[in-house]
Amino acid sequence: MIRKFLVAFALAAALSFGALLHIRAQNAIVITLNFEFLRQGTAGVVSLSGADLVGGVISAFDRTYPFFPITGGFAALLAVPMEQRIRDYPIAVTVYRANGETLSWEGTVKVASGEFIREPAFVLPSEKLHLLDMAVQESEDARLNSIYSVVTPERFWEGQFSLPTNAPTTSPFGSVRDFNDGSTRRHSGYDFRMAVGMPVKASASGRVVYARPLDIHGTNVIIDHGWGIFSNYSHLSQIFVVPGQIVLQGEVIGLSGNTGRSTGPHLHWEIAVNGVLINPMDFIRLKLPT
Ligand SMILES: [Zn+2]
């Protein structure tokens, strides 16, 4: 359950910081975390409000998360990697003001269990076993990471993200998977049971940035939604879009299939925020700022 609390309370308890005194004296800048804690592999919204703000950035989990303008202030999406250990972490919010001032606040964020499961063993056919080579995995991870790490300031989406299909789900995000060559992987997305040739829809409006095969993800489409949010639709049999094309939420971008490191026809759906793969099901339920 998401609970909202004002960081202003924390500011009152940390008056020894000169910058914080300034914030309180102005009584103008409020940092709001829309969560009590974050689970591994999820994202939360942090917002800023106050006079004369021009932006800001969050430092947490050895990453930086930019703020973007929203109605009445700024918002950032704080995404936690699925591998992040369960404990409290320091978080620093730096705020930029129009007069050139930089103010900062430091606090903590609790990371809770993503409650990931271990799936029954996966059996890849012999002709696909080479797709478990670490060299193949690392090469593809690096390629996707370079795509997912881009932050487009423009926001293409409106409202909430949506499911790419109404088909039944088969395999959750973050699960531990043992393969028949003895190797283990973590599931980077969510799976839906779909026969070959079923329509796959864009989860939100955005710009297509990738539309071609990869070894593991198979034929896949990646959409940049802006604000560092990307969605990926993998193992497709056909693609209907090209890089650079703007697509609308719900638009059919391709057809499901069984390409890449897949043990049967299905759709694999990924969401990355600020370079971090997160649980897509949690993300479509997250109340995004407007
Ligand atoms: Zn999958």
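Residues numbered from 1 in each chain as written. Predicted model: local features only at pLDDT ≥ 70, side-chain atom pairs only at ≥ 80, totals over all residues.

J.: Break down the sheet that holds strand β9 (residues 88-97) for me, citing the residues and quoting the values.
T.: The strand order β3-β10-β9-β5-β6 describes an open sheet built from five strands, whose pairing is mixed. Edge positions in the sheet fall to β3 (38-39) and β6 (63-66), since each has one partner strand and no second. Both strand β5 (residues 53-60) and β9 contribute to a ladder of six bridges, which runs antiparallel. Counted as the bridge partner of leucine 53 is arginine 97 from β9. (Pairing = 2+ DSSP bridges. Helix = DSSP H or I, 4+ residues; strand = E, 2+ residues; numbered from the N terminus.)

J.: Describe the domain arrangement of the protein chain, listing the residues and the values that go with them.
T.: Here the protein chain is partitioned into domain 1 (5-112) and domain 2 (126-285). Here the C-alpha centroids of domain 1 and domain 2 sit 30 Å apart. Listed by partner, the interface residues are twelve residues for domain 1 and 15 residues for domain 2. Where the side of domain 1 that touches domain 2 is concerned, the elements lending two or more residues are β6 and β8 (73-79). Per-element tally for the side of domain 1 that touches domain 2: the top contributor is β6, with three residues. Residues that form the side of domain 1 that touches domain 2 fall into these classes: nine nonpolar, two polar and one charged. (Domains from an automatic or database assignment. Contact = placed C-beta atoms within 7 Å. Nonpolar A, V, L, I, M, F, W, Y, C, P; charged D, E, K, R; others polar.)

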